[in-house]
Amino acid sequence: MSKIVDDVIAANKKYASSFGAKKELALPPARGFAILTCMDARLDPAKYAGLAEGDAHVIRNAGGRASDDAIRSLVISHKLLGTREWFVIHHSNCGMELFTDDVIGDLLEDNLDTAHFDGKAWSNPKHGGGASAGQFIKWLTIKNQRSSVVDDVRRIREHALVPGHIPIYGYVYEVHSGELVEVKEATLAGLPR
Ligand SMILES: [Zn+2]
């Protein structure tokens, strides 16, 4: 087994050994809200938003974007599990700002292994064996964090399956300070109707 698996399983044994009262947690999130945020490893929503197990739904993907699948989760979060307020939280220095659909499509078409970023451009250390499937995907890259938060809050607000009474708040998490900075225009776009 890999070292990564060994480390994860060892950490889990420790966690489960003091699981205690968490075995009594209910399925619906106790504090009644959901967060859509980026998968970036520097972000820990439990810490930056003060969550304990059982408190809230956290939906994560690359960029924290309001993809069809993120909206699927949010709709389930409200319709079946009772959340009443939602946050969209993108962040500074997001990897989604560092490429375009063309860039990742071309990189993948050439080769599937991890590409190299020199601070300006991406390149493949190896060539061959790629696939063109990436050219057909909308990767939901980001040009500007604040406008991506506004776009995503607006998209969720306007979705036919999202009830008008749910407030949707927009924030940018600052990776250099740990602070959540409100994007007022997004929160305005997410006001209940
Ligand atoms: Zn990110």
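Residues numbered from 1 in each chain as written. Predicted model: local features only at pLDDT ≥ 70, side-chain atom pairs only at ≥ 80, totals over all residues. Heavy atoms only, no water.

Enquirer: Tell me about the overall build of the protein, and please be specific about residues and values.
Expert: Of the regular secondary structure elements, the protein holds six helices and seven strands. From first element to last, N terminus to C terminus, the protein shows the α and β order α-β-α-β-α-β-α-β-β-α-β-β-α. Seen through its C-alpha atoms, the protein measures out along the principal axes to roughly 50 × 45 × 30 Å. Across the 193 residues of the protein, 35% fall into the buried class. Pairs at least 24 residues apart make up 63% of the contacts formed inside the protein by residues separated by at least 6 positions. Working note: accessible area of the protein is about 11600 Å², and carbon and sulfur atoms make up 58% of it. If you average the places of the 23 positive and of the 25 negative side-chain charges in the protein, the two averages end up 6 Å apart. (Helix = DSSP H or I, 4+ residues; strand = E, 2+ residues; numbered from the N terminus. Buried < 20%, exposed > 50% of the residue type's maximum accessible area, 1.4 Å probe, protein only. Contact = heavy atoms within 4.5 Å. Areas by Shrake-Rupley, 256 points an atom, 1.4 Å probe, with all protein chains shown as cover. Lys, Arg positive; Asp, Glu negative; His and termini not counted. Charge placed at Lys NZ, Arg CZ, Asp CG, Glu CD.)

Enquirer: So, helix α5 (residues 145-158): which residues are in play, and what are the values?
Expert: Taking 1.5 Å as the rise per residue, α5 with 14 residues should run 20 Å; its terminal C-alpha atoms sit 20 Å apart, in good agreement. Buried residues of α5: Gln145, Ser148, Val149, Val150, Asp152, Val153, Ile156 and Arg157, and no others. For α5, the secondary structure elements touched by its buried residues are β1 (33-38), α3 (68-79), β3 (85-91), β6 (168-173) and α6 (184-189). Between the side-chain oxygen at the start of α5 and the backbone nitrogen of Arg146 there is a gap of 2.9 Å, and the oxygen is on Asn144. (Expected span 1.5 Å × (residues − 1). Polar contact = N/O pair within 3.5 Å; in protein donor to acceptor, adjacent residues only side chain to side chain.)

Enquirer: Let's hear about the coordination of the zinc ion: which residues, and what values?
Expert: Protein coordination at the zinc ion comes from Cys38 (SG), His91 (NE2) and Cys94 (SG), with a distance range of 2.0 to 2.2 Å. Linear spacing of the donor residues for the zinc ion on their chain is C-x52-H-x2-C. (Donors = N, O, S within 2.8 Å, 3.2 Å for Na, K, Ca; no water.)

Enquirer: Requested: an account of a nonpolar patch on the surface, with residues and values cited.
Expert: Taken together, the side chains of Met1, Ile4, Val5, Val8 and Ile9 make up a nonpolar region of the molecular surface, amounting to roughly 540 Å² of accessible area. On the secondary structure map, Val8 appears in helix α1 (residues 3-17). (Patch = residues over 30% accessible without salt bridge, like charges linked within 9 Å, V, L, I, M, F, W, Y side chains within 5 Å. Salt bridge = Lys/Arg side-chain N within 4 Å of Asp/Glu carboxyl O.)

Enquirer: A description of the side chain of Thr37 should follow, citing residues and the corresponding values.
Expert: Relative to the assigned elements, Thr37 resides in strand β1. The buried category is assigned to Thr37, whose relative accessible area is 0%.

Enquirer: How would you sum up the sheet that holds β1? Please name residues and give values.
Expert: The sheet built from five strands is open, its strands ordered β2-β1-β3-β6-β7 with mixed pairing. On the outer flanks of this sheet lie β2 (56-61) and β7 (180-182), each paired with one strand and no other. On average, each strand axis in the sheet is tilted by 25° relative to the strand beside it, whichever way the strands run. Two strands pair when backbone bridges link them, and β3 and β6 are joined in this way by six bridges, in the parallel orientation. Paired with Trp86 across the bridge in β6 is Ile168. Against the sheet, α3 contacts β1, β2 and β3, and its axis sits at roughly 175° relative to β2. (Pairing = 2+ DSSP bridges. Axes fitted to C-alpha atoms, helices over the stretch in contact; angles between N-to-C directions.)

Enquirer: I'd like a description of the pattern of salt bridges, backed by residues and values.
Expert: As enumerated under the stated definition, the model contains eight salt bridges in all. With its nearest N and O atoms 2.9 Å apart, the salt bridge here joins Asp113 to Lys126. Of this pair, Asp113 sits in the loop between α4 (101-110) and β4 (116-117) while Lys126 sits in the loop between β5 (122-123) and α5; the two residues are 13 residues apart in sequence, bridging distant segments of the chain. Residue classification places Lys126 among the partly exposed residues on the basis of a relative accessible area of 49%.

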